Amino acid sequence: MTEISELEGRISAALDRIRSGVSALENKAVVLGDAPVAAASDDDRVAQLEADLAAQKDVNAQLEERVKVLKARQDSVIADLNSGAERAKEQLQSFEADLEKLREENAVLRDVSENLRKAAEADGIDATMINRAMQAELDALRALRAAEAAEVATILAELKPLIEEAK
């Protein structure tokens, strides 16, 4: 961007020189009354100024093209970042849902385990209570497995672009 600013400054300076040259030519023409004496040197000066103007227009066109390329590149990077942010947001929401399910299953497991412990103390353990405890434990393990799978999927999604970039 500093190169663009520098080139803009050069263009502005050239345009200022052209304006001052044209202004000087107009002043000479008024003072001399359009005398042919100054015409030869003025024609050379005008030709030089027109050549400078054409060169600056070329430079300006090149700068505009560079700006278009940079803007396209920047827009592409922004789109990629927005896409990545959206994917990360979706993965985070999925991960949070899995964690919430894990918390719920662990709460049920704690309650069932507590009931089973109380029943064991009172010598009143029956098969349904043991089945409920085992089912709660299995549900908690499944929820933990789902949360871990979501975490692994998130990590793999982040590593995939890095691996592809390294190739």
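All values derive from a computational prediction rather than experimental measurement. (Residues numbered from 1 in each chain as written. Predicted model: local features only at pLDDT ≥ 70, side-chain atom pairs only at ≥ 80, totals over all residues. Heavy atoms only, no water.)

(A) Local environment of the overall build of the protein chain. Helices and strands together make up the secondary structure of the protein chain, namely three helices and zero strands. Scanning the protein chain from its N terminus toward the C terminus, one meets helices and strands in the order α-α-α. Against the 2.2 N^0.38 benchmark of 15 Å for 167 residues, the protein chain shows a C-alpha radius of gyration of 39 Å, more extended than a compact globule. For the protein chain, buried positions account for 14% of its 167 residues. The protein chain carries 22 positive and 35 negative side-chain charges, and their two centres are separated by 1 Å. (Helix = DSSP H or I, 4+ residues; strand = E, 2+ residues; numbered from the N terminus. Rg over C-alpha atoms; globule rule 2.2 N^0.38 Å. Buried < 20%, exposed > 50% of the residue type's maximum accessible area, 1.4 Å probe, protein only. Lys, Arg positive; Asp, Glu negative; His and termini not counted. Charge placed at Lys NZ, Arg CZ, Asp CG, Glu CD.)

(B) Representation of the side chain of Glu105 within the structure. Assignment of secondary structure puts Glu105 in helix 2 (residues 39–121). Since its relative accessible area comes to 14%, Glu105 is described here as buried. Setting aside chain neighbours within four positions, we find Glu105 in contact with Ala136, Asp139, Ala140 and Ala143. (Contact = heavy atoms within 4.5 Å.)

(C) Examining the nonpolar core more closely. Residues Leu109, Val112, Ala133, Ala136 and Ala140 constitute the largest nonpolar core, which totals five residues. For this core, the secondary structure elements donating two or more residues are helix 2 and helix 3 (127–166). Ranked by residues supplied to this core, first place goes to helix 3 with three residues. Beyond its immediate chain neighbours, meaning those up to four positions away, Val112 contacts Met129, Arg132, Ala133 and Ala136. (Core = buried A, V, L, I, M, F, W, Y, C linked by side-chain atoms within 4.5 Å.)

(D) A look at the side chain of Gln56. Checked against the element boundaries, Gln56 lands in helix 2. A relative accessible area of 14% places Gln56 in the buried class. In contact with Gln56, other than residues within four places in its own chain, are Arg10, Ile11 and Ala14.

(E) Molecular detail of the environment of Ala55. Its location among the elements puts Ala55 in helix 2. A C-alpha to C-alpha distance of 9.5 Å links Ala55 and Ile11, two positions 44 residues apart in sequence.

(F) Structural detail: helix 3. Between its first and last C-alpha atoms helix 3 spans 57 Å; for 40 residues at 1.5 Å apiece the expected length is 58 Å, and the two agree. Along its length, helix 3 shows its largest kink, about 25°, at Leu159, and proline Pro161 lies within four residues downstream of that point. Listed as buried for helix 3 are Ala133, Ala136, Ala140, Ala143, Ala147 and Ala150. (Expected span 1.5 Å × (residues − 1). Bend = angle between axes of the 7 residues up to and from the residue.)

(G) Summary view of the pattern of salt bridges. Scanning all chains against the criterion turns up five salt bridges. Close ionic contact of Asp16 with Arg19 constitutes a salt bridge, the shortest N to O distance being 2.9 Å. Of this pair, Asp16 and Arg19 are both found in helix 1 (residues 2–32), three residues apart, which corresponds to roughly one turn of the helix. Note that Arg103 is salt-bridged to Glu100, the shortest N-O span being 3.5 Å. (Salt bridge = Lys/Arg side-chain N within 4 Å of Asp/Glu carboxyl O.)

(H) View of a nonpolar patch on the surface. Taken together, Val152, Ile155, Leu156, Leu159, Leu162 and Ile163 make up a surface patch of nonpolar side chains, about 560 Å² in accessible area. Mapped onto the elements, Val152 comes out in helix 3. Residue classification places Val152 among the partly exposed residues on the basis of a relative accessible area of 46%. (Patch = residues over 30% accessible without salt bridge, like charges linked within 9 Å, V, L, I, M, F, W, Y side chains within 5 Å. Areas by Shrake-Rupley, 256 points an atom, 1.4 Å probe, with all protein chains shown as cover.)

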